[in-house]
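# Observations on chain architecture
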Amino acid sequence: MKYNSIAEIVEEAENCGKKISEIVLEEQSKALEVSENEIFERMKNSLEVMKASVEEGIKSNKRSISGLTGGSAAKMKNYVDSGLSICGNVFGEALVKALAISETNACMGKIVAAPTAGSCGILPAAVLTVMEEKNIDTDTIVKSLFTASAFGIVIAKNASISGAEGGCQAECGSASAMAAAALTEICGGSAKMCAHACAISLKNILGLVCDPVAGLVEIPCIKRNAMGVSNAFVGAELALAGIESAIPVDEVIMAMKKIGNSMPSSLKETAEGGLAATPTAKELTKKVFG
Ligand code: SF4
């Protein structure tokens, strides 16, 4: 992708009077020498995989191969369906979907890494929830994935989307920021608002470490996907209300990179620190690996 910053993407979208997704689709078509229609269809297929991973996660109710996790999405679904959810259907359904996709991943099911397997529940849960709850058409949702992708590529270029390199802020943080931008565009926000949504959500997760118990992408990862989709809604809602991030999004990304560089390796997917080093985590690790 030719863009190196989110500011460049926003500027081009504003100059052309187009949505971010439209200029990204055009740009990718030229860069890859593939028709816009074909690229769109490929993204549509990804959306179908996302949908299937939600269904699989809710209905299977099975434990992961390690036995550490499973069944949370089904429990959450029962709770939301009972009408007891404090925050109502949109939020409740988003949590169900984030848990379902992450549990599908933990069971080695098929998911879309968006941007990674560890954070795979966040972006799909965000866009599929508004699609269902607000009756948004499929094309709008597919297009929003191009906006999310472009922002993710800029984050990967200038910082990282890998927990092993930048901590969980780089995985769940990036996914949450990408989802915030997508939600903002779906709900009619401007290109600038998408950038603010991305900045707000990423700022909220700065410093989050990667500390998976037993080195498996299950604890705390699955519940962090639920947190990540919640935070995406925070970023989008604030931006759509006209609230701006005081720190421009590209500077937030640079800050994330520096924070990641300062993190000790024990907090970067090595399972040597943080939650992975707690007594309970050590017990669980023994149970899994003997
Ligand atoms: S804790 Fe680490 S492995 Fe788990 S989702 Fe976050 S970055 Fe990925």
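As a reminder, the structure under discussion sits directly above these lines.
The sections below set out a description of the structure shown in this document. Residue indices follow the written sequence of each chain, beginning from 1 at its first position. The predicted origin of the model limits local features to residues at a pLDDT of at least 70 and limits the giving and counting of side-chain atom pairs to 80 or more, whereas totals for whole chains, interfaces and linings rest on all residues.

### Describing the overall build of the protein chain
Counting its secondary structure elements, the protein chain contains 13 helices and zero strands. By the criteria applied, helices consist of DSSP H or I runs no shorter than four residues and strands consist of E runs no shorter than two, each listed in order from the N terminus. Along the protein chain, helices and strands appear, N-terminal first, in the series α-α-α-α-α-α-α-α-α-α-α-α-α. Each radius of gyration reported is based on C-alpha atoms, and the globular scaling rule is 2.2 Å times the count of residues to the power 0.38. The C-alpha atoms of the protein chain give 18 Å as radius of gyration, which agrees with the globular expectation for 290 residues (19 Å, within 12%). Taken along its principal axes, the extent of the C-alpha atoms in the protein chain is 60 × 45 × 40 Å. Three exposure classes are used, all based on how many other C-beta atoms lie within 10 Å of a residue's own C-beta (placed from the backbone): buried at 20 or more, exposed at 12 or fewer, and partly exposed between those limits. Across the 290 residues of the protein chain, 51% fall into the buried class. Put simply, 78% of the contacts in the protein chain that link residues at least 6 apart link residues at least 24 apart. By the convention adopted here, residues make contact when the C-beta atoms placed from their backbones lie within 7 Å.

### Comments concerning the site of the ligand
Being near a molecule or strand means, for a residue, that its backbone-placed C-beta atom lies within 6 Å of it. G118, G163, C168, C210 and C221 are the nearest of the 14 residues found near the ligand. Listing elements by their share of the shell around the ligand, those giving two or more residues are α9 (168-186) and α11 (221-240). Among the elements that make up the shell around the ligand, the one with the highest residue count is α9 (three residues). Residues are sorted three ways: Asp, Glu, Lys and Arg are charged, Ala, Val, Leu, Ile, Met, Phe, Trp, Tyr, Cys and Pro are nonpolar, and all the rest, Gly among them, are polar. Within the shell around the ligand, the residues separate by chemical class into seven nonpolar, three polar and four charged.

### Observations regarding the nonpolar core
Among the nonpolar cores identified, the biggest contains 90 residues, and A126, A179, A182, C198 and V229 are the most heavily contacted of them. Broken down by element, the residue count for this core peaks at twelve residues, all from α9. Setting aside anything within four residues of it in sequence, one finds C198 in contact with I6, F151, A177, A180, A181, G235 and V249. Structurally, a nonpolar core is described as a collection of buried Ala, Val, Leu, Ile, Met, Phe, Trp, Tyr and Cys residues joined by way of C-beta atoms within 7 Å.

### A word on the packing of helix α2 (residues 20-32) against helix α7 (residues 138-158)
For every element, the axis is a line fit to its C-alpha atoms; helices are fit only across the contacting stretch, and the angle between N-to-C directions ranges from 0 to 180 degrees. Two elements in contact, α2 and α7, have axes separated by 8 Å at closest approach and are oriented at 75°. Classed by the angle they form, the pair α2 and α7 counts as roughly perpendicular. In this structure, α2 contributes I20, S21, V24 and L25 to the contact, and α7 contributes K143, S144, F146, T147 and A150. Grouping the amino acids of the contact of α2 with α7 by side-chain chemistry returns five nonpolar, three polar and one charged. The cut-offs work like this: below 35 degrees is roughly parallel, past 145 is roughly antiparallel, 65 to 115 is roughly perpendicular, and the gaps in between are oblique.

### Focus on the packing of helix α6 (residues 122-133) against α9
One way to put it is that α6 packs onto α9 with a least axis distance of 8 Å and a crossing angle of 20°. Taken together, the axis directions place α6 and α9 in an arrangement best described as roughly parallel. In this structure, the crossing between α6 and α9 has a hand that is right-handed. The segment α6 lies against α9, with I122, L123, A126, V127 and V130 engaging C172, A175, S176, M178, A179, A182, L183 and I186. Residue composition of the contact of α6 with α9, by class: twelve nonpolar, one polar and no charged. A clockwise turn of the near helix away from the far one marks a right-handed crossing, whereas an anticlockwise turn of less than a right angle marks a left-handed crossing.

### Thoughts on the environment of V10
Within the fold, V10 resides in helix α1 (residues 6-16). By C-beta crowding, V10 is classed as buried, having 23 other C-beta atoms within 10 Å. Separated by 138 residues in the primary sequence, V10 and A148 place their C-alpha atoms 13 Å from one another. Apart from the residues within four sequence positions on either side, V10 is in contact with A191, K192 and A195.

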